[in-house]
Amino acid sequence: MSQASQNLKFFEELRKLRTTEKEEMKSPKDALKIKELSLEETKQGIEDIALNLLSLLDFDERPRMSVPIRSAQNAIVDQETGKIFLGHNAVTRTLSPSSVRQLAVLIRVAEGIHELLALGRHSTKRELFYTDVNLFQEQIISDRAIEDLAVTLRTIRNATNIVASAKGKIIGRIRFVESGDLIDCTKMGTGGKAITPFQEQIEQIDSDAEFVLLVEKDAAFMSLSEAKIYERYPCILMTGIGQPDIATRMMLRKIVNETGLPVFAIMDADPYGLEILRSYTFGSKALGYETPWLVTENIYWLGLRPEDMDNYKIPKEVFIPLTEADKKKGKELLDEIWLQNKPKWAEQLKLMLRSGVKAEIQALASKGFEYMTEQYLPRKLESADWI
Amino acid sequence: MASEKVETLSAAQWFKENSEIAGFDNPGKSTFTSVRELVENSLDACDDDIQLLQMRGEEIEYPNINIVIHPVSHERIRQKILANLDEGGSGSVLEGIEDFEIEHDPSEKYYVIEVGDNGPGIYHDLVSLVFGTVFTGTKYGIKQGRGRFGMGAKMAMIHAQKTTGLDTEIWSATRDIPEESYFRIKIDLKSNSPIYSTQKIIPDNPWHGLRMRLYLGGNLIWAKQRILEYFKQMSLVTPYVNFRLVIGDEKYLFKRVTDEIPPLPIETKPHPHGIDIEELKEMTKRYPRKFVIKNEKNEGFPTLAEFLHIDFQGIGEGTAKKFLRYKVDIDPNMLLNELNEAHIFKLSQAMSTYDDFPAPDSSCLSILPHESLEQAANVLLEPEYINSVTGKIIAIKGHPVHITTSVAFGGNIPTGATLYRFANRIPLLFKERSDVCYKALEEANIKRYIDVNVHGVTVIVSVVSTRIPYQDAAKDFIADYDELRETIKLSMQKAFRGIKTYISRKEAEKKKEKELEKLKDHADRLAISLAKITKGIPMSESEIQHKLMKIIEREYI
């Protein structure tokens, strides 16, 4: 069989994986209903919060407000899909010694965002932190308050015009318009295009790729982009560099929504690699309320899977024993509901825990620097070795 | 002393053999001991005076004790000796001191030590009895007292005599006779009698009290810190006294801080557990005495039952009879003069082991009220807080022992834990680590209550008894009896707990204050933000702030 006809057959396989659905993701009934609000709606929402507090004050009552809890204890999992959402549990912030600080911080953040929205500007979390370092003390405090405010307004963080500095990168067979500029990701050298935090400014996505190659780490991204993998296979190469930020997850979701392409993920063969895979596929507990905007369903685990260590004859010397923390994390993941939707993933996790070892993507270099691009990946793709 | 019966007892030679345990073993310690003996002598006299005045219903005088320690040159001393000889009189300077070559220790310097009080003074005729002989004191009955050997100042006089050969000078005046007696006196150690080089009466000199001046060899470099510490601690437990101290050019005043005189010790009869066989024999020798016995036909001798009832505390005639019949197995009606050695031995044994006598009476003790001690501690130690605890009263060998523990905390007290020990309201400054109080402090585990790396604590333990259970004759520290150590430990722990409660209460208050401060700060911040978001409609920033403060005041202040 010629190379071309082989490729053709391979592309046919791939096309079967494409999705055509573009409808809004359904959230479970007991999940908090989140809407994407317009600038004006968000601004009005903040004013309503302030007026509610003042009306209580007008009756000489303690100002108080209810803020949904955003921790794991309030995460609910859609039993059908395994996706993670936020429940209805909330705490009251009021004028008391134990909660006044959080109330003041929340309203201070609301003030900053209100001002930002009035100007029609965006700002980073870091900038917002510097508007009142005295009060916030640590950036994590104002960051959390931003999320709290968003979820109190029943909207996503992007609606607050606060953006996190995004760290994700993209390169390969995709073009889009970003803030009016046409971006062609085939002409991005080897470093790739930085994914913008201003995701609402991305439009007119156009791609002739057959799949998206999503890698966990920057190192793998660089070796694949250097090898111009997207010229050998028509693909889009992306990375969130570790735990992905909102912009990267949004971008991925947007691309898949627009093109229907399947996503092949290359992660480390350790519990954290699987957890990152979960963030892309099912959402994260901390940002459960944004799941409908962040989660991409059409993701397949290509590598590096625990079973590859045998199948691809990876030398034993590059295996690293699982630490106690790894084992603990692995066992926790086994108990999570979303994994039931991915029985093959669960099998891999069990194999990993049984063998007691893990390996990083870089381990493939033990078989030569070009092993990943020249042998591992082609063999994986062409033998449809994804799960 | 003007009022007390005095009695000649024994020889002065004792001093020579026992100078070490008496605290005269080196020049520094001798200087310290001389001062304290004179001061305690004065304090005892003043206390007796107060007691007498109180009994008479007269107004009391608060004791003023003046102490002068003045270095003098060797030359001055030599001149003084020559002058003494010139004054001649009895020519007594050399007489009686043949036994004592004047010793010249190279570390020794010469000092004049003078201690004066406003006590009762001593009648002219009694001075020789009081100061001339070594063992003098009240003999019958037991009483809490400061004196360590019942001879206080006389030891210092002999020490002075030994180191300079110079007479002690004494000025004395009593309230009822408006004249002053002046003596120059030394002790003939062989005959145990006073030798006067001068004695005269100065008429129309209406003060009262006693002033003694010694010329002695000593070492102030060692003694000075101890003397200052002694007065500091002394004024803590004797806060109704003014001590004026002059050392060379330096003046110190330890000022009276309270008007309250603690109840002074009362003489009581001995408890049967506290008497040994020799003392028992001595007691039987006080008879015949006609006036105390109901039935005079026995020629002044009581029956055994009567003897126990009359001469010991807490024994009724019924108890006495029961005890004699069933415990000692002697006829209670046997007369005292019929007792033989074997009887006395049997009686003494039984007395010390019989458990059914009532506990020793502690009402005779002089206990400084907590308030007085705390008043004094506030002045001297400047703590932030003091907590005082009275321990359980226990009996050791027939003597009641009363414990008071005060713990002064924080303020100007340097970090760490310091222990002050008092026995019958005399500070104990030496051999701390051997003392029962130190051991109790170790066992009390102060760290469980107070972090002494951060806080300063002074632990003041006052042990009061008709007989302090010292370890040995030097009386520098109290012996380690289990029951005593346990009692002291428990009183310390109780006091520490009080301090701990105080600290946590203070911290809670501080925390609450801080919280409130934060609450207000955040409320202010909230007002600004709310006003900005709503552009001052419907309420201005100051209106919002005002309303928030109103709520805080209502809910949290």
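The rules behind the values
- Residues numbered from 1 in each chain as written.
- Chains lettered and ligands numbered in written order.
- Predicted model: local features only at pLDDT ≥ 70, side-chain atom pairs only at ≥ 80, totals over all residues.
- Heavy atoms only, no water.
- Helix = DSSP H or I, 4+ residues; strand = E, 2+ residues; numbered from the N terminus.
- Contact = heavy atoms within 4.5 Å.
- Areas by Shrake-Rupley, 256 points an atom, 1.4 Å probe, with all protein chains shown as cover.
- Buried area = accessible area lost by both parts, 1.4 Å probe.
- Salt bridge = Lys/Arg side-chain N within 4 Å of Asp/Glu carboxyl O.
- Core = buried A, V, L, I, M, F, W, Y, C linked by side-chain atoms within 4.5 Å.
- Buried < 20%, exposed > 50% of the residue type's maximum accessible area, 1.4 Å probe, protein only.
- pLDDT = per-residue confidence, 0-100.

Structural notes on the overall build of chain B
- The helix and strand inventory of chain B stands at 14 helices and 14 strands.
- Within chain B, contacts between residues at least 6 apart in sequence are counted, and of these 76% link residues at least 24 apart.
- Working note: accessible area of chain B is about 25100 Å², and carbon and sulfur atoms make up 49% of it.

Quick word on the interface of chain A and chain B
- Taken together, the 26 residues of chain A in the interface contact 24 residues of chain B.
- Here chain A and chain B share an interface that buries about 2300 Å² over both sides, 74% of which is from carbon and sulfur atoms.
- If you look at where chain A meets chain B, you find six salt bridges.
- Among the ionic pairs, B:Lys550 bridges to A:Asp60, the shortest N-O distance being 3.8 Å.

Description of the nonpolar core
- The biggest cluster of nonpolar side chains holds 48 residues, and the ones touching the most others in it are B:Val39, B:Ile67, B:Ile69, B:Ile227, B:Phe231, B:Phe243 and B:Leu245.
- Residues within four places of B:Phe243 in sequence aside, it is in contact with B:Val39, B:Leu43, B:Ile65, B:Ile67, B:Phe231, B:Met234, B:Ser235, B:Thr238, B:Tyr252, B:Leu253 and B:Phe254.
- Formed by 42 residues, the second largest nonpolar core is a distinct cluster that contains A:Val67, B:Ala527, B:Ile544 and B:Ile551.

A word on the confidence of the model for chain A
- Looking at chain A as a whole, its pLDDT mean stands at 88, while 96% of the residues score no less than 70.
- Mean pLDDT across the elements of chain A ranges from a minimum in helix H1 (residues 3-16) of chain A, with 70, to a maximum in helix H3 (residues 100-119) of chain A, with 95.

Quick word on the pattern of salt bridges
- Tallied over the entire structure, the rule returns 57 salt bridges over all chains.
- The partner of A:Glu332 in a salt bridge is A:Lys328, with the nearest N and O atoms 3.4 Å apart. Taken together, the residues span about one helical turn, with A:Glu332 and A:Lys328 both in helix H13 (residues 324-334) at a distance of four residues.
- Of the residues examined, A:Lys328 reaches a relative accessible area of 56% and is grouped as exposed.
- Across the pair B:Glu486 and B:Lys489 runs a salt bridge whose closest N-O atoms are separated by 3.3 Å. Taken together, the residues span about one helical turn, with B:Glu486 and B:Lys489 both in helix H13 (residues 482-533) at a distance of three residues.
- Three or more residues are tied together by salt bridges with common partners; here these are A:Arg108, A:Glu111, A:Asp132, B:Arg525 and B:Lys532.

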